[in-house]
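What follows is each chain in one-letter form.
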Amino acid sequence: MKKLIVSVLLLASLQGFPQENYESPENTRVEMADQLRSSGKIYVVVAVLGTIMAGIILYTVMLDRRVAKLEREPENR
Amino acid sequence: MKSVWWKILCVLLLLYTVVGGFLMDVPRLHILNESIRNTFFHVPMWLGMMTLLLISAIYSVLYLKKPSLRYDVFASEFAKTGILFGVLGVVTGMIWAKFTWTSAWSGDPKQNNAAIALLIYLAYLLLRNSLKDPQQRSRISAVYNILAFSTLIPLLYILPAQTDSLHPGSGGNAAFADIDLDNRLRVVFYPAVIGWTLLGIWLSTIGIRIQNIKNRFDYIKK
Amino acid sequence: MLFSEISGLLKKEITIELRQKYAINGILLYLAGTVFICYLSINLQATQLHPIIWNALYWIILLFTAVNAVAKSFLHESAGLMTYYYTIASGQSIIASKIIYYSLLLTGLAVIGLGFYGLVLGNPVQNPGLFIINIMLGSVGMATTLSLVSSIAAKAQNNQTLLAILGLPLLIPVLLMSIKISKNALDGLPWASSYDELAVLGSIDAIVCALAIILFPYIWRS
């Protein structure tokens, strides 16, 4: 759901969000993904966020399994 | 614990973090380039881990003052999510380092400190597993938890003194210090920290609820 | 009252140690063996060994010797004996006496170890005073942490391994500081340059001792 929103907004931004505020004269030479293209190491951020999502989802699955085990226990004693 | 407002807040903050994190304007720096956006994802893992471990240690202290199983469950579950965030922090740190510092593990103090924290708290889980009697387990592991956390804190001050760090904001790298003060990053960073920490707390509370139910079942079985 | 308890227990530890010579001899043999194995593995003349490696290796050998020496602290005392101690002395005296005893033991072992080490691998220490003070502070830190962890591990099944797993990460701050100061002593740097580190090591010792004395009675009750 989050990813859907992000990708929609990413596509929207391709219409042109010029990044105006530069701090120093050399900045125009620094590679930034001005329109969020793949240059400028944006994929590192994607990898990081992906890892975090994977980790949290795995932990959630682990919790889910614990609940499932409890639900299967014969409770009537 | 069952109230909903902070969970909704957590989701909203994280949504804001992800969207803002990718779209908002960030300082332009060599080497880091766009990956500076990792500040919103990697750094909160570290801060979240320390917060969760602190909460775990506090509950351990509470347990020793007044032995109640409730405190023990809190302590262990918060330690577990603390370990989760620690692992995620170290792994994401390695990914980030591979592309910016050229090697995945460069002997950086923060990396080492996180690794040591993981060793200590994994040992905590091992200790809990090897003690059978519940009361003894709670008491002994509470003692170890306090000892572990108290050892971890000085480590935060010692390790940076050991090596020059590639980590922004410490050692020989002044670049990030300027960025720390950069308001553009702060706008997303502070909410990010709160959001990720709330997520960690949320996962802990789920674990606590599971453990409580399990304890109730065990008690009923007896 | 407390003082007499502590000194009484201390005397008991020392007498037991002197009677059962095999314990001390065992540790000395372990120390000599380890030093010799390291020497053989490095396979260099004494003068060729880089001080950094000399230093690090020395402290690692001390670390493992310490773990072995303190291992028998609680692990090998029978349950009946423990109950007897419980009735005659407060927990704080017991842990205090153990700390004092093991600090002295480890300091002695460190000095003897230095003798063995210097014999085969040279002795480039240029500031012996600082080196000795460092050994003492390091020994106190290691002894305290290991005594407390040993008492924790004694309650669990997996004794010897658990002691190492629990203890080693917790010893890292003490170890790192000691190595740093020791390196300063090797290089013959003036005392002033080590004041910070000595202060940190001293405060770590103080924290761990205080924690041990506070927390031990909780472990003791069983």
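Residues numbered from 1 in each chain as written. Chains lettered and ligands numbered in written order. Predicted model: local features only at pLDDT ≥ 70, side-chain atom pairs only at ≥ 80, totals over all residues.

## A closer look at the overall build of chain B
To keep it simple, the criterion reads: Comment: elements are numbered from the N terminus, with helices defined as DSSP H or I runs of at least four residues and strands as E runs of at least two. Around each residue's C-beta, the other C-beta atoms within 10 Å are counted; 20 or more make the residue buried, 12 or fewer make it exposed, and counts in between make it partly exposed. All C-beta atoms are placed from the backbone. For every residue pair, C-beta atoms are placed from the backbone, and the pair is scored as a contact if these atoms sit within 7 Å.
Each helix and strand counted, chain B has 7 helices and 0 strands in total. Ordered by position from N to C terminus, the α and β elements of chain B give α-α-α-α-α-α-α. Here chain B, with 222 residues, has 49% of them falling under the buried criterion. Pairs at least 24 apart in sequence give 74% of the contacts found in chain B among residues at least 6 apart.

## Observations regarding the overall build of chain C
Counting its regular elements, chain C contains 8 helices and 0 strands. Along chain C, helices (α) and strands (β) appear in the sequence α-α-α-α-α-α-α-α when read from the amino end. A total of 222 residues make up chain C; the buried ones form 44% of that total.

## Section: the nonpolar core
Which entries qualify depends on this criterion: Residues of type Ala, Val, Leu, Ile, Met, Phe, Trp, Tyr and Cys that are buried and joined through C-beta atoms within 7 Å form what is called a nonpolar core.
Ranked by size, the top nonpolar core spans 132 residues in total, and within it B:Ile120, B:Val143, B:Tyr144, B:Ala148, C:Leu106, C:Ile152 and C:Leu166 carry the most contacts. Of the residues forming this core, the biggest block, 16 residues, is contributed by helix 7 (residues 159-187) of chain C. Setting aside chain neighbours within four positions, we find B:Ile120 in contact with B:Ala148, B:Leu152, C:Pro169 and C:Leu170.

## Quick word on the packing of helix 4 (residues 109-130) of chain B against helix 7 of chain C
Put simply, the rule is: Between the N-to-C directions of two axes lies an angle of 0 to 180 degrees, each axis being a line fitted to C-alpha atoms and, for a helix, fitted only over the stretch in contact. Each angle receives one of four descriptions, namely roughly parallel if under 35 degrees, roughly antiparallel if over 145, roughly perpendicular if within 65 to 115, and oblique otherwise. Each crossing is labelled by how the near helix is turned from the far one, with a counterclockwise turn of less than a right angle marking it left-handed and a clockwise turn marking it right-handed.
Two numbers describe how helix 4 of chain B lies on helix 7 of chain C: the axes approach to 9 Å, and their chain directions differ by 150 degrees. As the angle between them shows, helix 4 of chain B and helix 7 of chain C are arranged roughly antiparallel. The way helix 4 of chain B lies across helix 7 of chain C gives a crossing that is left-handed. On the side of helix 4 of chain B, the interface is formed by B:Ile116, B:Leu119, B:Ile120, B:Ala123, B:Leu126, B:Leu127 and B:Ser130, while helix 7 of chain C contributes C:Leu162, C:Ile165, C:Leu166, C:Pro169, C:Leu170 and C:Ile172.

## Structural notes on the confidence of the model for chain C
Put simply, the test is: The pLDDT value expresses, per residue, how confident the predictor is, ranging between 0 and 100.
Summing up the model confidence of chain C, the mean pLDDT is 81 and the portion of residues at 70 or higher is 88%. Between the elements of chain C, mean pLDDT differs from a low of 69, seen in helix 4 (residues 79-88) of chain C, to a high of 88, seen in helix 6 (residues 128-154) of chain C.

## Quick look at the environment of B:Tyr121
Residue and element names in this part refer to chain B. With respect to the helices and strands, the residue tyrosine 121 is situated in helix 4. C-alpha separation for the pair tyrosine 121 and asparagine 145, spaced 24 residues apart in sequence, amounts to 8.0 Å. Beyond its immediate chain neighbours, meaning those up to four positions away, tyrosine 121 contacts Leu53, Ala79, Gly82, Ile83 and Ala148.

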